[in-house]
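This is what each chain is made of:
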Amino acid sequence: MEPQLGPEAAALHPGWPALLLLLWVSGLSYSVSSPSPPSPSLVPRVRTSYNVGRTFLGLDKCNACIGTSICKKFFKEEIRFDNWLASHLGLPPDDLPSYPVNYSDDFKTWRPVEVSRLVSKHQNEISDRRICASAAAPKTCSIERVLRKTGRFQKWLQAKRLTPDLVQGLPSPLLRCPSQRLLDRVVRRYAEVADAGSIFMDHFTDRDKLRLLYTLAVNAHPILLQIFPGAEGWPLPKYLGSCGRFLVSTSTSPLQEFYGAPPDQAADLAYQLLGVLESLRSNDLNYFFYFTHVDAGMFGIFNNGHLFIRDASALGVIDRQEGSQAASRAGENKDIFSCLVSGCQTELPSCDTISEKQSLALVCGQVLPPLLQAKFPSPVQEEIDAELARCGEGSRPDPEVLGAASRLKDILRPLRTCDPRFAYRYPDCKYNDKF
């Protein structure tokens, strides 16, 4: 069935083409009452619908679309808006960090995707105030115009290649100690421009450069999804596009919804998560990925039971092949782009202080205990608890933490079952013990 705009929306925007309806929001049911017990099902629950039009794309307070492919797809290249937001269209509550939607290219085939806020509404407002204040402007100003006049962006305009000095001082862990190889990958894989197969930015327009810089400064999660795509085996969801401060990606269920899962499912998810961290430490491209902090909402599960990284904004990258260029310690080249969503004085740890065990210790100490506690008979549960404690103790030497994680995987492996609930490895698990 084709979705229809409500009468209020149709009256507000007469004559809109059907193309503007390709995103149909089916959001989280929102209630101020206590949350219901988590469902162990691998299939996401059916949720209530939000009937919205163009509003949810998140172009709040920006008079230009500093977003990208979704923005271009719907509204072409040039887009400017002022006050077209309408509260009666029924946006999801501001405190929801993400919500599921149904997406279609042709109105015939619909698939679930997820809309995520790259920053909260409160952070948006702080960011806008900082941008306007940096230009000694009143409470409202042209965000794009102010950012275009900054010294950093003027350097970007003159640059032919994205180099470490152009990103120094940006708050993302991705850019804390970037190698030239990593930055060249950003340019080559940036999905919002035509693929020129080049490490040079000659094919970038001025607005393309501003979009890339703005996204890197606000939240590098969309960039990570583009440069390390799931189609190539990276544990990340598929990137579909972003607009303003919103991101559209493949739909998932957060890990915390599975804390009440049965033992075999809990063992499977924990085993997968430990495997994901292992692949982040050791991979063919010789990049070392690490988390600066973790919580269960950063990991998600597809309908087929496959676990992946749902939020990569806290993921740092160190290039073991080429080496990383440490950011300058003299002021870190701080400017308005350094504090769009965080305090201007926020300091990230030096790359040479990141240990092999960092992500494991965080996950074993904060994410896995609620998933695995009191799930298994004795003495298996005691063995799991002991290895979790060793793995989650950040003061232990790296080899001890890594060894505990390896032993924990060995314990969990036979606790998994081979049945259709785990479609990502079924029926392969019947014929190959690798699965």
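Predicted, not measured: the structure shown is a model, and the values here were computed from it.

Draft legend 1. Just the pattern of salt bridges, in detail. Per the stated rule, a full pass over the model turns up 18 salt bridges. The salt bridge partner of Arg396 is Glu400, with a shortest N-O separation of 2.8 Å. On the basis of relative accessible area, Glu400 is assigned to the partly exposed category, the value being 39%. When salt bridges that share partners are traced, they join Arg185, Arg189 and Glu232 into one network.

Draft legend 2. Broad picture of the sheet that holds strand β8 (residues 299-301). A sheet is described by the order of its strands in space; here three strands give the open sequence β6-β8-β9, paired in antiparallel fashion. Across the chains shown, the open sheet's two edge strands, defined by having one partner strand only, are β6 (253-254) and β9 (307-309). Judged from the three bridges that link them, β8 and β9 form a sheet pairing that is antiparallel. Residue pairing across strands places Ile301 opposite Leu307, the latter belonging to β9. Along the sheet face, helix α10 (residues 263-281) touches β8 and β9 and points at about 40 degrees away from the line of β9.

Draft legend 3. Broad picture of the environment of Leu255. Checked against the element boundaries, Leu255 lands in the loop between β6 and α10. By relative accessible area, which is 0% here, Leu255 ends up buried. In this structure, the C-alpha to C-alpha distance between Leu255 and Ile301, residues 46 residues apart in sequence, is 6.7 Å. Leu255 has contacts with Leu269, Leu273, Ala296, Phe299, Gly300, Ile301, Leu307, Val367 and Leu371, leaving out every residue within four places of it along the chain.

Draft legend 4. Quick peek at the pairing of strand β10 (residues 315-319). Most of β10 sits out of view: five of its five residues are buried. Note: strand β7 (residues 287-291) against β10, five bridges, orientation antiparallel. Its bridge partner being in β10, Tyr290 is matched across the sheet by Gly316.

Draft legend 5. Structural detail: unusual backbone geometry. Here Ser378 and Pro379 are connected by a cis peptide whose omega angle stands at 5 degrees. Relative to the assigned elements, Pro379 resides in the loop between α12 (368-372) and α13 (380-391). The residue after Tyr426, namely Pro427, is reached through a cis peptide bond having omega 10 degrees. Here the phi dihedral of Asn286 falls at roughly 65 degrees; this positive angle occurs in a residue that is not glycine. Its place among the elements puts Asn286 in the loop between α10 and β7. By relative accessible area, which is 30% here, Asn286 ends up partly exposed.

Basis of the calculations
- Residues numbered from 1 in each chain as written.
- Predicted model: local features only at pLDDT ≥ 70, side-chain atom pairs only at ≥ 80, totals over all residues.
- Heavy atoms only, no water.
- Salt bridge = Lys/Arg side-chain N within 4 Å of Asp/Glu carboxyl O.
- Buried < 20%, exposed > 50% of the residue type's maximum accessible area, 1.4 Å probe, protein only.
- Pairing = 2+ DSSP bridges.
- Helix = DSSP H or I, 4+ residues; strand = E, 2+ residues; numbered from the N terminus.
- Contact = heavy atoms within 4.5 Å.
- Axes fitted to C-alpha atoms, helices over the stretch in contact; angles between N-to-C directions.

The values are spatial; any link to function lies outside them.
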